Amino acid sequence: MRSPQFSSLIILVVLLVVFAVADANFLSPLNISNMMAFLPELGIIALGMTLLLTAGEFDLSVGAVFGLAPVVVMLLVQNAGVDIGVALLAGLVLCIAIGAINGLIVTKIGISSFLVTLSMLLVVRGAALYITQGFPLKSWDQPGFFVTLLAGSFNVGSFRFYTSLWWFIGLSLFAIYVLRYAKLGNWISAIGSNHNAAVARGVPADAVKIWLFIATSVLAGLAGMISAFRISAASPVAGTGYELEVIAMVVVGGTALTGGRGTILGTIVGALMLRAIRNGIVLIGVPGLAYNIFVGLIILAMLILHALLQKNAASG
Amino acid sequence: MDMLRLQNLQKSFGSVRALKNASLTLREGEVVALLGDNGAGKSTLIKAISGVFPVDRGDIYVRGEKVSIRSTRDAMDLGIETIHQDTSLAPDLSIARNLFLGREPVNFGWLGVFAPLDLAKLRNAASALLKRVGISKKLDADALVSTLSGGERQSIAISRAMQFAAKVIILDEPTNNLGVEETHGVLRFVKEVRDAGHSVLLITHNIHHVFQVADRIVVMRRGEIVAEQTVADTDLLTVESLITGADMSALLKQARAK
Ligand SMILES: Nc1ncnc2c1ncn2[C@@H]1O[C@H](COP(=O)(O)OP(=O)(O)OP(=O)(O)O)[C@@H](O)[C@H]1O
Ligand SMILES: [Mg+2]
């Protein structure tokens, strides 16, 4: 009952009710469809970030990777005449490389992930800006297998959903399984909870972390591709600030920033909550420039609530 | 029979020579107490045996066979279980998950790290183990370790070592920060473990404990082993003077003479 994801869920429901009462359009099919189109893009990254945070690390370069991957893929297609499938594969390899470099430096050289991935953010964002000279590219707009796979859409009644929602659901289920039921999840939590103890039990902590950095990077790239295909454009500045928004989703959901305790369900609730806040605040007429104030305050309130619950649980 | 034999182990950290030619033998069903002042090299010695880091020189034999221990996994596979000075449990995991950390029972093992834990087996084995080691208070195998007292945690760590160690259990200051009752619990465990045929290497600063449970005493000073005695043939003062390097009994005689 006192579990963090449960309290987050209650807050989410309260928020939804408040927004729905304040503005009838909040629950309109169009608005829900809109929210569901954005949700998976940050949500998918948040899944990787949850696992990474549970293992005691985090990744600030995800927003930049979100921007770089589609830019590289589209440059290969448009300027080098590479087949879209091959270009996507190249994008995948790039994301794997970025994640691997993050992970190797963090684990083998022992620099904190904050510093390593902050530097990586600059390198990756800089690369995206440099290779495009700062200009957005037209994205792939011919219908085909990959577009259908990543950004196809379908109607359910008067709702319009994108295939990215399936990706988010599928990946969420997989992440829940891994963290809760698989041997790997046991290792991830143990590493974040007490690194030395895990290593002393023969858990390959460095390898686990490196793979989690890779997974997070790849998910960020996937989310970037989904977004680029959906709006038919690839911008070098896409995803700016996403790293913080994603981390906010994860911690609002109840995952501990200090590692050891992670909840995918909480992250899903967190992702829904931040999406609903961003959307609802605009609908109820908070001026666009002011809404970060509200987002920030609501996140703070959530974190304070978690901290109080945590204290309560510890003392009672 | 010699369970574990260390021959001329050497280990330096930069210019600090933490181990200089340390040799030691641990026999079957024997509790050996490893004593020495802070910084004598005790933790370094046992970290080398348990695979936390490799030694610079020297040989390790397990049951007479020369072995190479390159990782904590190697040590575990050789039947050497270590309870380190810095706590060896993950507080955010349940007791059951801690007991089997790194050796999780799974279904569909071919799935590798993605294999699902056999939760029923995990829980049952954990409960059985808790019962077998006779932890006084009834502990729920699903309880998080963060909710346990220091002594309970130590008992869990020791039960885990008992569960898996076919041969050697190493305890680095297991009674540190424990209350009276919890300390007795740990000492009782050590005896039980020995009676069950395991060999124990016990590091402690409490000489009284040594006389309660150990068969033999090995004293380290500045990275070297300076003395080895059977408990039956020695006494507290002698051991104390061996640790500090000062002749306590002589001092005491002097004091009495005055
Ligand atoms: N990782 C390390 N890097 C550098 N020096 C180290 C390291 N580990 C131990 N030392 C040094 O090696 C020496 C022996 O340390 P060790 O931890 O083995 O002592 P100890 O006998 O266990 O002491 P204590 O009773 O305080 O636990 C000390 O001088 C210590 O500072
Ligand atoms: Mg020590």
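Keep in mind that what you see is a predicted model, and the values were worked out from it rather than measured.

### Some words on the sheet that holds strand 5 (residues 65-67) of chain B
All names here are of chain B. If you trace the four strands from one edge of the open sheet to the other, you get 2-1-4-5, paired in antiparallel fashion. Bordering the open sheet on either side are strand 2 (16-27) and strand 5, each of which pairs with just one other strand. Ignoring strand direction, the axes of neighbouring strands in this sheet form an average angle of 25°. Judged from the five bridges that link them, strand 1 (residues 2-13) and strand 4 (residues 57-62) form a sheet pairing that is antiparallel. Looking at strand 4, one finds that Leu 6 is bridged to Ile 60.

### A short note on the interface of chain A and chain B
Buried accessible area, meaning the area lost when the parts come together, often serves as the stated size of an interface. Each partner contributes residues to the interface: chain A has 24 residues there, and chain B has 26 residues. When the buried area of chain A at its contact with chain B is split by residue, Lys 183, Asn 186 and Arg 201 of chain A rank highest and sum to 35% of it. The tally of links between chain A and chain B comes to two salt bridges. A salt bridge links Asp 92 of chain B to Arg 261 of chain A; the shortest N-O distance between them is 3.3 Å. Run the count over chain A and chain B and you get 13 residue pairs in polar contact (both at pLDDT 80 or more). In terms of residues, the side of chain A that touches chain B owes the most to one element, helix 8 (residues 183-193) of chain A, which gives seven residues. Residues that form the side of chain A that touches chain B fall into these classes: 13 nonpolar, seven polar and four charged.

### Side note on the site of ligand 1
Residue and element names in this part refer to chain B. Near ligand 1 there are 14 residues, and of these Asn 38, Lys 42, Ser 43, Thr 44 and His 205 occur at the shortest range. With respect to ligand 1, the backbone of Ala 40 contributes an N or O atom lying 3.2 Å from an oxygen atom. At 2.9 Å from an oxygen atom of ligand 1 is found a main-chain nitrogen or oxygen belonging to Gly 41. In isolation ligand 1 exposes 630 Å². Once the protein is present, 62% of that is buried. No other element matches the three residues that helix 1 (residues 42-49) contributes to the shell around ligand 1. Its residues assigned to classes, the shell around ligand 1 comprises four nonpolar, seven polar and three charged.

Reading the values: the criteria
Residues numbered from 1 in each chain as written. Chains lettered and ligands numbered in written order. Predicted model: local features only at pLDDT ≥ 70, side-chain atom pairs only at ≥ 80, totals over all residues. Heavy atoms only, no water. Pairing = 2+ DSSP bridges. Helix = DSSP H or I, 4+ residues; strand = E, 2+ residues; numbered from the N terminus. Axes fitted to C-alpha atoms, helices over the stretch in contact; angles between N-to-C directions. Contact = heavy atoms within 4.5 Å. Buried area = accessible area lost by both parts, 1.4 Å probe. Salt bridge = Lys/Arg side-chain N within 4 Å of Asp/Glu carboxyl O. Polar contact = N/O pair within 3.5 Å; in protein donor to acceptor, adjacent residues only side chain to side chain. Nonpolar A, V, L, I, M, F, W, Y, C, P; charged D, E, K, R; others polar. Near = heavy atom within 4 Å. Areas by Shrake-Rupley, 256 points an atom, 1.4 Å probe, with all protein chains shown as cover.

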